Amino acid sequence: MSGETLMTVIGNLIEDPELRFTPSGVPVAKFRVASTPRTYDRQTNEWKDGESLFLTCTAWRRQAENVAESLVKGARAIVYGRLKQHSYDDKEGIRRVAYEIDVEEVGAALKNATAKVTKVSGAGKAPGDDPWQSTTTTPPQTAESPAGAPAGDYADEPPF
């Protein structure tokens, strides 16, 4: 979509991913990432932590299941996706703004860790849903999915 704000954040998961399912059975995983900037103070010869940024991240479908199975609290992750904001009123009636990432890609950060990547295969995969597939195919279109849009139930809201 044009005009969306795409961003990459590197941080630590502050909780285990929570996997749920929409009423129509679509998997969705929610997890929170904290990213804290660090600077080196040459006068004191110490590292100083800045203010942490906490972002709620939402992954859908197969990726949601993979996130829930692969990442845990404390894991360092690289998250890429669309930045979204929404406003709400807190208990005292004060207007607040929350920022979230609708995840496109997520993976373990390997600067100080190792990981074994296992390709997921099997039932439930739509043609063209495999990024490692050697041939290119187009998902079938339905009456609900306009030309150029992937088929599937994208209107579901996360159950959080």
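Residues numbered from 1 in each chain as written. Predicted model: local features only at pLDDT ≥ 70, side-chain atom pairs only at ≥ 80, totals over all residues. Heavy atoms only, no water.

The name that an unreviewed UniProt entry assigns to the chain is Single-stranded DNA-binding protein, with the source organism given as Streptomyces albireticuli.

Another point: the overall build of the chain. Counting its secondary structure elements, the chain contains one helix and eight strands. In sequence order, the secondary structure elements of the chain are arranged as β-β-β-β-β-β-α-β-β. Burial analysis of the chain (160 residues in total) assigns 22% to the buried set. Pairs at least 24 apart in sequence give 58% of the contacts found in the chain among residues at least 6 apart. Just so you have it, the chain exposes about 11,500 Å², and 51% of that area is on carbon and sulfur atoms. (Helix = DSSP H or I, 4+ residues; strand = E, 2+ residues; numbered from the N terminus. Buried < 20%, exposed > 50% of the residue type's maximum accessible area, 1.4 Å probe, protein only. Contact = heavy atoms within 4.5 Å. Areas by Shrake-Rupley, 256 points an atom, 1.4 Å probe, with all protein chains shown as cover.)

The biggest cluster of nonpolar side chains holds 15 residues, and the ones touching the most others in it are Leu13, Phe31, Val33, Cys57, Val79, Ile101 and Val103. Elements with a contribution of two residues or more to this core: β1 (5–13), β3 (27–35), β6 (53–60), α1 (61–70), β7 (76–89) and β8 (95–108). Among all residues touching Val79, those that are not within four sequence positions of it are Met7, Thr8, Val9, Phe31, Val33, Cys57, Ile101, Val103, Glu105 and Val106. (Core = buried A, V, L, I, M, F, W, Y, C linked by side-chain atoms within 4.5 Å.)

Let us now look at the packing of aromatic side chains. One pass over the full model with this rule turns up one aromatic pair. Here Tyr40 and Trp47 contribute two aromatic rings whose centre-to-centre distance is 5.3 Å and whose plane-to-plane angle is 65°, an arrangement assigned as edge-to-face. (Phe/Tyr/Trp six-rings, centres within 6.5 Å; stacked < 30°, edge-to-face > 60°.)

For the rest of this paragraph, the subject is the environment of Arg95. Mapped onto the fold, Arg95 is located in strand β8. For Arg95, a relative accessible area of 55% puts it in the exposed group. Setting aside its immediate chain neighbours within four residues, Arg95 contacts Ser87, Tyr88 and Asp89. Among the polar contacts made by the side chain of Arg95, one reaches the side chain of Asp89 at a distance of 3.2 Å. (Polar contact = N/O pair within 3.5 Å; in protein donor to acceptor, adjacent residues only side chain to side chain.)

Right, let's talk about α1 for a bit. The set of residues buried in α1 consists of Gln63, Ala64 and Val67. Mapping the buried residues of α1 onto a view down its axis gives an arc of 105°, with all of them on the same face. Contacts from the buried residues of α1 go to β2 (18–21), β3, β6 and β8. (Arc of directions from axis to C-beta.)

Moving on, we get to unusual backbone geometry. With a phi angle near 55°, Asn45 is a residue other than glycine that sits in the positive phi range. A positive phi angle, near 55°, is found at Arg61, a position not held by glycine. Tracing the chain through its elements places Arg61 in helix α1. Judged by its relative accessible area of 24%, Arg61 falls in the partly exposed class.

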